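Read off the chains here:
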Amino acid sequence: AEAANRHFAAQAAVWDQIRSLHVAEAEVERAIDLALGPQPLGRLVDIGTGTGRMIELLAPRAASTIGIDRSSEMLRLARVKLEAAGIATSLRQGDM
């Protein structure tokens, strides 16, 4: 657990870039959108929220959102990103 904490704290600032190297994000996001269908989402709970990308993507369809992550650094970045995008959400530190 401590090794994971150190890793994510060190990588948080570049996490979105690292993630995009592994798979085409547009394809993944399109697949998620298709899987969820067109209906409103109600309450969205994002476990392992990281930098908040799923909340950023899905918040317009959700009645409310909450993101949970173990890494305080990831949550800090998510908070900055989501506030800048005008997305009201609740972010909590927790180990799932």
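Whatever comes next refers back to the structure up there.
Described in the following lines is the structure provided in the data block. Predicted model only: the values in this text are computed from it and were never measured.

### Regarding the overall build of the protein
Thought 1: Counting secondary structure elements, the protein contains five helices and three strands.
Thought 2: The secondary structure elements of the protein, listed N-terminal to C-terminal, are α-α-α-β-α-β-α-β.
Thought 3: Radius of gyration (C-alpha) of the protein: 13 Å, near the 12 Å computed for a compact globule of 96 residues.
Thought 4: Summarising its shape, the C-alpha atoms of the protein cover approximately 40 × 30 × 25 Å along the three principal directions.
Thought 5: Within the protein, buried positions represent 26% of all 96 residues.
Thought 6: Here the contacts in the protein between residues at least 6 apart in sequence split such that 48% fall between residues at least 24 apart.
Thought 7: Working note: accessible area of the protein is about 6000 Å², and carbon and sulfur atoms make up 57% of it.

### Let's talk about the pairing of strand E1 (residues 42-47)
Thought 1: Sheet topology places E1 next to strand E2 (residues 62-69); six bridges connect them, and they run parallel. If you follow Gly 42 over to E2, its bridge partner there is Ala 62.
Thought 2: Handedness of the β-α-β unit built from E1, helix H4 (residues 53-58) and E2 comes out right-handed.

### What about the environment of Leu 58?
Thought 1: Following the sequence through the fold, Leu 58 ends up in helix H4.
Thought 2: For the pair Leu 58 and Ala 85, spaced 27 residues apart in the sequence, the C-alpha separation amounts to 13 Å.
Thought 3: The contact partners of Leu 58, leaving out residues within four places of it in the chain, are Ile 32, Leu 36, Leu 41 and Leu 44.

### A short note on helix H3 (residues 25-36)
Thought 1: Its 12 residues place the ends of H3 17 Å apart at the C-alpha level, agreeing with the 16 Å of an ideal helix rising 1.5 Å per residue.
Thought 2: A positive backbone phi angle near 75 degrees is found at Gly 37, which sits one or two residues after H3.

### As for the pattern of salt bridges
Thought 1: Tallied over the full model, the rule gives six salt bridges.
Thought 2: Linking Arg 53 and Glu 29 is a salt bridge whose minimum nitrogen-to-oxygen distance equals 2.7 Å. Placement of Arg 53 in helix H4 and of Glu 29 in helix H3 is noted, with a sequence separation of 24 residues between them.
Thought 3: Classification of Glu 29 by relative accessible area gives buried; the value is 14%.
Thought 4: Between Arg 53 and Glu 56 there is a salt bridge, with its nearest N and O atoms 2.9 Å apart. Of the two residues, Arg 53 and Glu 56 are both situated in helix H4; the distance of three residues between them amounts to about one turn of the helix.

### What to know about the nonpolar core
Thought 1: Ranked by size, the top nonpolar core spans 10 residues in total: Leu 44, Ile 55, Leu 58, Ala 59, Ala 62, Leu 75, Ala 78, Leu 82, Ile 87 and Leu 91.
Thought 2: At the level of secondary structure, the elements contributing two or more residues to this core comprise H4 and helix H5 (72-84).
Thought 3: It is H5 that provides the largest number of residues to this core, a total of three residues.
Thought 4: Beyond its immediate chain neighbours, meaning those up to four positions away, Leu 82 contacts Gly 52, Ile 55, Glu 56, Ile 87, Thr 89 and Leu 91.

What counts and what doesn't
Residues numbered from 1 in each chain as written. Predicted model: local features only at pLDDT ≥ 70, side-chain atom pairs only at ≥ 80, totals over all residues. Heavy atoms only, no water. Helix = DSSP H or I, 4+ residues; strand = E, 2+ residues; numbered from the N terminus. Rg over C-alpha atoms; globule rule 2.2 N^0.38 Å. Buried < 20%, exposed > 50% of the residue type's maximum accessible area, 1.4 Å probe, protein only. Contact = heavy atoms within 4.5 Å. Areas by Shrake-Rupley, 256 points an atom, 1.4 Å probe, with all protein chains shown as cover. Pairing = 2+ DSSP bridges. Right-handed = clockwise from strand over helix to strand, strands pointing away. Expected span 1.5 Å × (residues − 1). Salt bridge = Lys/Arg side-chain N within 4 Å of Asp/Glu carboxyl O. Core = buried A, V, L, I, M, F, W, Y, C linked by side-chain atoms within 4.5 Å.

Limitation: the analysis is restricted to geometry and does not speak to function.
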